[in-house]
Amino acid sequence: QVQLVESGGGLVQPGGSLRLSCAVSGRIFSIADMGWYRHFPGKQRELVAVITSGGRTNSADSVQGRFTISRDNAKNTVYLQMNSLKPEDTAVYYCNAWVKTYSSTYHSQYWGQGTQVTVSS
């Protein structure tokens, strides 16, 4: 079955950088949009950035100029480069992907397990 495995989270000081990775595995026929969301305690999950299969990107106003989403289609992997991190970026970050398998007739949305990012001095 399709699985998304995240890595790269951790503790970083304000102004520091982290790069998150999310690798998709399974009987994959194709992957459409991929994205990153984050979840603050007591709040709804919010979109951070999204990237299409063709490489077009969009990101939230709160991270523009600091975060960059990218993907490597050959590796079925999406990345989130996070620079100039702020304490308010502290959250659990989740990746997602719209995936069509060889046994399905359409794309379905799958989620990673989440990775903690903590920005603190």
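Let me sum up the structure you'll find in this document. (Residues numbered from 1 in each chain as written. Predicted model: local features only at pLDDT ≥ 70, side-chain atom pairs only at ≥ 80, totals over all residues. Heavy atoms only, no water.)

### Considering the side chain of Arg38
In step 1: Within the secondary structure, Arg38 sits in strand 4 (residues 28-39).
In step 2: Of the polar contacts made by the side chain of Arg38, one reaches the side chain of Tyr93; its length is 2.9 Å. (Helix = DSSP H or I, 4+ residues; strand = E, 2+ residues; numbered from the N terminus. Polar contact = N/O pair within 3.5 Å; in protein donor to acceptor, adjacent residues only side chain to side chain.)

### Points about the sheet that holds strand 1 (residues 3-7)
In step 1: If you walk across this open sheet you meet the four strands as 1-3-8-7, and the pairing is antiparallel. Here the strands that pair on one side only, and so sit at the sheet edges, are strand 1 and strand 7 (67-72). Between one strand axis and the next, the sheet turns by 15° as a mean value, whatever way the strands run. (Pairing = 2+ DSSP bridges. Axes fitted to C-alpha atoms, helices over the stretch in contact; angles between N-to-C directions.)

### Some points on unusual backbone geometry
In step 1: One non-glycine residue with positive phi stands out, namely Asn76, at about 50°.
In step 2: With respect to the helices and strands, Asn76 occurs in the loop between strand 7 and strand 8 (77-82).
In step 3: The exposure class of Asn76 is partly exposed, given its relative accessible area of 25%.
In step 4: Located in the positive-phi region is Ser84, a residue other than glycine, with phi close to 50°.
In step 5: Tracing the chain through its elements places Ser84 in the loop between strand 8 and strand 9 (91-101). (Buried < 20%, exposed > 50% of the residue type's maximum accessible area, 1.4 Å probe, protein only.)

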